[in-house]
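The chain contents come next:
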Amino acid sequence: MFSGGGIEKRGISKAVNKRSSSRRSSSSSTGSGSTSGSSSGSGSSSGSSSESGRSNNSGSSSGSGSGSGSGSTPLGSPPHVQMASHESLNSESKSSSLNSKLGHESAGSPSAGSPSPPKSVCSSSSTSTDQHHHHQLAHVLSSTSKLTVREGTRTLRPDEPTLVPGEHMEGTAREVTYLCPYTGPKKGTLSVTNYRLYFRSPETDPPFELEVPLGVVSRIEKVGGANTSRGENSYGIEIFCKDIRNLRFAHKQENHSRRMVTEKLLQYAFPASHKLPFFAFEYCEQYPENGWTVYEPIAELKRQGLPNESWRITRINEDYELCETYPAVWAVPAAASDTDLRNVAAFRSRGRIPVLSWIHPESQATITRCAQPLVGVSGKRSRDDEAYIQHIMDANAQSHKIFIMDARPSVNAVANKARGGGYESEDAYQNAEVQFLDIHNIHVMRESLRKLQEVCYPHIDNAHWLSNLEATHWLDHIRCVLSGALRIADKVESHKTSVVVHCSDGWDRTAQLTALAMLMLDGYYRTIPGFAVLIEKEWLSFGHKFAQRIGHGDDRHQDEDRSPVFLQFVDCVCQVMKQFPHAFQFTEDLLITVLDHLYSCLFGTFLYNSERERMEKEVKTKTVSLWSLILSNPSDFENPLYNPATRHHVLFPLTSMRHLCLWDKYYCRWNPSMRPQEPVHIRFKELLHVKGQLERRVDELRRELAARQTHDSPRVTSAIV
Amino acid sequence: MHSYRRSTRPSSFKTYVDIVEFEERPVDVPEEVDNGKVEPNLLPGEIKIAEANNVLKFAPLKTNKTGISGTLFVTNFKVSFVTSLPVDSKEAELHERSLQSHYLGVHDVCLSEVDLVYQISEGSTKKKRLLYNAPLPARVSGLQLVLKNLRVINFSFKFTPAGEDVRIGQALLHHAFPPSIDHLFLSCGHPSPFTGIPEFCLAQDWEKELQRTRCPNWRVSKHNEFFNLCSSLPTVVVVPRDLLDAQLEQAAQHFQGTRPPVWCWGALGGAALVRMAQISPNISDKISVTKSMGTLQRRKLEEESQQQENRMMGLVHRCHPKKLQPTIIDLDQKLPSLKDLQISYIKLRELHTPDDPTQFWEQDRHYFSRWESSRWLSYVSKCLEVAQNAASAIAHHNSSVILQESEGRDMSAVISSLVQLLLDPQVRTLRGFHSLIQKEWVTLGHSFCLRLGHTRNQPEEQSPVWLLFLDCVHQLSLQHHAALEFTSEYLLALWHASHCSLHSSFMFNSVNAKYSATAVLQRENPQQPVYLRPVWSWWAEDHDWLGGEQNGSSESVKGRRSAARDLFLNVHYIQNLMESLAVSGALGRLRDPVSSAHHTWHRIQYLLGDSGPLPYDPNAPVGPLQIDASLRVDVALSSLKPWHECFSGWISEPSVTINEIDSLSRQSTTTVQHWEHVRQIYYTIKSHLSETLTNGVAE
């Protein structure tokens, strides 16, 4: 059992959990905490865990005599415990009982739930969160039981995590204290593997557990020196994570454990800086579905109706020579020759020429994406580029106009001229109208998220919550991106006019805009496989620099190239989803799972900057795709409220601030005091379940009645006779 | 936000229009088809006062470039706009979720709903507030009405024949802001049906409540029979058993508004919930003393008042069977003043009634911080916190709680009601909630008329205490969405209903004021009986008596009503009831009249409308109170949400003009799906029951 960036995100641990648990259950007869009995216990007890943890800890640390200063600074979090407590609070007895019912009925879960951890692989997984997931997922367990027993599952001590295939222990430190900002310090054992950090404290019942995939770590700092640390818990390490939380562990100086832990953490959290491979290359889980096949560029273009008389498919970039950050396969106007393409590439920043993203099935209006033209201070022009834009416009017979949406604020667009870039002049491009969408650059977004983290983690200043939130401008930026995408969708749908989208390089804001507009226009992208295609196509193949923006395995946490551009896109998707609860085949669990594995480095999907780099590193053959996990477990992400008829609808979300809300289920998930509401789709699932149950009971009664009648009638007749 | 189906695009479809390139579109002017005279629909007793033809009606955020043309009337009940043009879908939908849709047409506004009237002119952004006595210029080019439900309507008289504009303006100002409550249109000329909700004006109502709660040592006093003791309390009040009527009378003099402490709820353990006024700082109006009274005398009086207060608290103390000290909560100290509350509301009103798209977007940029600076949510949070503390004193410490407030008619109603919602499962049902409002708000004398500004008198006394309470309940339902039998949509409907003069529940300052108004009406028109109609009647009425002319056929009225019912009743609550039937054996016991399954089934039948119009059995006895302290509210500000449906419900985002209906129905479709399945379950069980019945008979 293990999970991605925090156990409570069901998505992550779910499927993987399930696998390991099924393996476990088949390998050992004692095993697996996937029954309802143990799970309900886990949820309720987590609340009390904090106090016992605190008292125990203070006792033992005073005994150790490693007295040192300010141990009170609350850092770090016990995510899974909190989350478990949340959910148990939220759903109260009702949903958990339902889940257990589900578990019993459909899974017929393998072994009886033994809450006490036996010494086998399964033992370490019977922890609070895990059980929580188990019971939530019990219903899918049966489907995976066909998996083979893995050889060489070694027996672990109870304080070690269950390892995923390819994972191995790197080091363990005992008597480490985790300083939870919400429930106080807890003493336990800290383990480091080549994939994750695992902390377990037996002080609480059930044991407190914390797991963090090392890919999530952005920075590790030592707190307190050998001679300077005074007071309890002041000597240790602090871990800053990319998923809006910081963890702090206190070590005992005399144990000399800090050094080992820090070294191992640095090594495996930042493999790129240490010339080590990403864990994705060692992870060797088998999934029934192969996510690498979900996106086939030609098939997707065919789905859109290409090639047709106005658009052709070209492999001109097959060797990534014309444009190294673009995919191998492009769709371009049929009227443009290969020579034209080369000439246009010379006039567009980094050779990123306008290429088709989406075509309207009826009006043939298109969304094309590119980078800024190389206009420069002198106002250079390119006849070929102008003709090419004209070709794009001509490919759509419905309109004699074309919009060029420049995602940047106009000031920035002008400023880019000094660096050789700029924007299309309306004089040079006939029938084109340039509009600026006023979305700020990656640095502004990074700063905004930093502020948001300050506001959300670890504690919320209730008195100024709304104004603090507003001051981060995070929702402001979300609004800008959404309304920009809305404008594009509107031009294409309502005005039947083609739109060319670009920013500076065409891989950040452009990807946000085209992907969101496509999500609004085309219901296919709102299905689970369609969403995978959308991300594979608009983000991965068109070269959003995931490696740079996320900084996978890289220890330069202050790198200016990092920015939450993709997170912002996912947030926008979630905003649309909240306004249209029936229009998406998946729930926000899918989005959270995607975000967790954006950082986790468990899957190869988000590694590297471009399709070309991924080809070179043979990512498709050497790693597992995130979509394998998701497509193999669709029921974990399916939205029961989804109405397939909405596939033919165009969504126009409202974009005023009053209709946006902070995605607290993601940003505030570590905080136990933020209780997200029980989503309606869960209620709905419960309703369907109750319905099924009642119908079965009615059937039973009917049969009983019928049986009694047939049984009774002969007696009655005989009496008459 | 809206979605639509691409292939089946209706022809009447308006396209989304970007603010940047909003084109000036011609005003929709209907062809002159109405040869005959246009007339408003009138209720029995309603009379037309003024009329203006060729009036254009605008929703301000659609930018005043589009409007619909029609005839505007002012009657003694409403402002009625009559047009042959199709209705805006959002307006229609919001209209259908009101409790007065059978009295008022989509374009109609009850006079008492009007909050502010502005004079506006075309091309100018300036507007001028018109008070009830404002002189009107020779020509009025337009009027803007800001309603108490935060809806804004603009009328333009550009094409109106001269003279009609001024006449209609004068009629509106005069009748929308009457000098006294009896000038409003209060009686609909039809008796209201039986709803089973006690009025708490009879001794037996209070006795039943005492019996239900099993709270010992309190008695019903009829000493206020002629409102001689206190004009704002009902004729019967519940007081400590050991308090003699004479003592009660003596004590009352020393409290503000001469309101002695009264019991309003209690528990078996002996903990009682008591509402008490502050002692009177100036009792000169009761005892004939003048300002020339010496300090010594005054101090003596103060001491006396203090003694009376202590005596009363002592009596409450002695009522407790275990003689536990009561908890006294001074609401004046802990909660915002009525003035603060009104200031907060005015800020929110400004934020939610923008004049044009520019202002809308300007406000939108700082929407969250403006919400915060209004302090509204912090007031909601404080109320919930105080209520939660009081509830925990009762539930966990079995301690009586005395809510003390200046006159004990405002915040004490909020807190007392919330405490009961938190502890009493019966109050969370629709029937219980109606009884609660009737008891705590209507009968114990919340000054609805004054606080909601139904008349033009004492505008400085206006304060949305009632809305504050509804918002608190709304937050409660957000955090526990299966706990209440009714939805937030119903709370909102109640808020809107409290501005409509035909709902007598929310029109008066006290029971006494209601009696006086009735008497005045009866005197003025002795032939016609006066029927005041409590808001609860909506649930029991079939609305057929209106003749179906008001808004379409009786079929469509019925359809709308059942749609509204589905919106007002909480499907999650019903789901929980059904879940309780899913336990093993429960279905087999449905016919066993003493089983809880039978009882639950009975309730479900009513809730699904299968046993008459009311969603509950009005004749069923209410079971004894069993305190349930499980409802905890998270009062942290970050956990409270602005009530958008209430404050921005009428605003349509300016940049979007397509099919607003989708945006409204988006959430309700979630519940529609839910309802569908709940109904399917219901019919499955029902058919099973009838089968066993026939089989049983056959046997």
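See the structure shown above.
Counting starts from 1 at the beginning of each chain's written sequence and moves along it residue by residue. Here chains are named by letter from A upward and ligands by number from 1 upward, in the order in which they appear as written. Two thresholds apply to this predicted model, a pLDDT of at least 70 for residue-level local features and 80 or more for giving and counting side-chain atom pairs, whereas whole-chain, interface and lining totals are computed over all residues. No hydrogens and no water enter the side-chain calculation; it runs on all heavy atoms of the structure.

J.: Requested: an account of the overall build of chain B, with residues and values cited.
T.: Numbering goes from the N terminus for both helices and strands, where a helix is a DSSP run of H or I of at least four residues and a strand is a run of E of at least two. Across its full length, chain B holds 22 helices and 15 strands. Burial status follows relative accessibility: with a 1.4 Å probe on protein chains alone, a residue under 20% of its type maximum counts as buried, one over 50% as exposed, and anything between as partly exposed. Within chain B, the fraction of its 699 residues that count as buried is 60%. Considering only intrachain contacts with a sequence separation of at least 6, the fraction spanning at least 24 residues in chain B is 76%. Only the protein chains shown count as cover for residues, and all accessible areas are computed by the Shrake-Rupley method using a 1.4 Å probe. If you sum the accessible surface of chain B, you get close to 27,500 Å²; carbon and sulfur atoms cover 52% of it. A contact between two residues is defined here by any heavy atoms of the two lying within 4.5 Å.

J.: Describe the interface of chain A and chain B, listing the residues and the values that go with them.
T.: In many analyses, interface size is given as the accessible surface area lost on bringing the parts together. Contacts between chain A and chain B engage 67 residues on the former and 68 residues on the latter. Buried area adds together the accessible area that both of two parts lose upon being put together, with accessible area traced by a 1.4 Å probe. Regarding the contact of chain A and chain B, the summed buried area is about 6,300 Å², with carbon and sulfur atoms giving 54% of it. Per-residue buried area on chain A facing chain B is highest for Leu466(A), Arg658(A) and Arg683(A); these three make up 14% of the total on that side. By definition here, a salt bridge exists when the distance from a side-chain nitrogen of Lys or Arg to a carboxyl oxygen of Asp or Glu is within 4 Å. Note that Glu691(B) is salt-bridged to Arg702(A), the shortest N-O span being 2.8 Å. Polar contact is defined as a pair of N or O atoms within 3.5 Å, subject to the rule that within protein one atom must be able to donate a hydrogen and the other to accept it, and that residues adjacent in sequence are counted only when both atoms are side-chain atoms. Across the chain A-chain B interface, the total number found is 23 residue pairs in polar contact (both at pLDDT 80 or more). Residue assignment for the side of chain A that touches chain B shows that the elements contributing at least two residues are helix 11 (465-472), helix 12 (474-493), helix 16 (565-579), strand 15 (649-652) and helix 22 (680-720) of chain A. Under the grouping applied here, Gly and all other residues not named as nonpolar or charged are polar, the nonpolar ones being Ala, Val, Leu, Ile, Met, Phe, Trp, Tyr, Cys and Pro and the charged ones Asp, Glu, Lys and Arg. Residue composition of the side of chain A that touches chain B, grouped by class: 31 nonpolar, 16 polar and 20 charged.

J.: Any chance you could break down the pattern of salt bridges for me, citing the residues and the numbers?
T.: Within this structure, the stated rule accounts for 63 salt bridges over all chains. Notably, a salt bridge pairs Arg303(A) with Asp522(A), separated by 2.9 Å at the nearest N-O pair. Residue Arg303(A) is found in helix 6 (residues 297-303), and its partner Asp522(A) is found in the loop between helix 13 (509-521) and helix 14 (528-541); the two are separated by 219 residues along the sequence. Look at Arg303(A) and you get partly exposed, because its relative accessible area is 34%. Among the ionic pairs, Asp245(B) bridges to Arg219(B), the shortest N-O distance being 2.8 Å. A residue pair is termed long-range when its members are at least 10 positions apart, and Asp245(B) in helix 4 (residues 245-252) and Arg219(B) in strand 10 (residues 218-221) qualify at 26 residues. With a relative accessible area of 22%, Arg219(B) lands in the partly exposed category. Taken together, the salt bridges that share partners define one network made up of Glu209(B), Arg212(B), Arg275(B), Asp424(B), Lys439(B) and Glu440(B).

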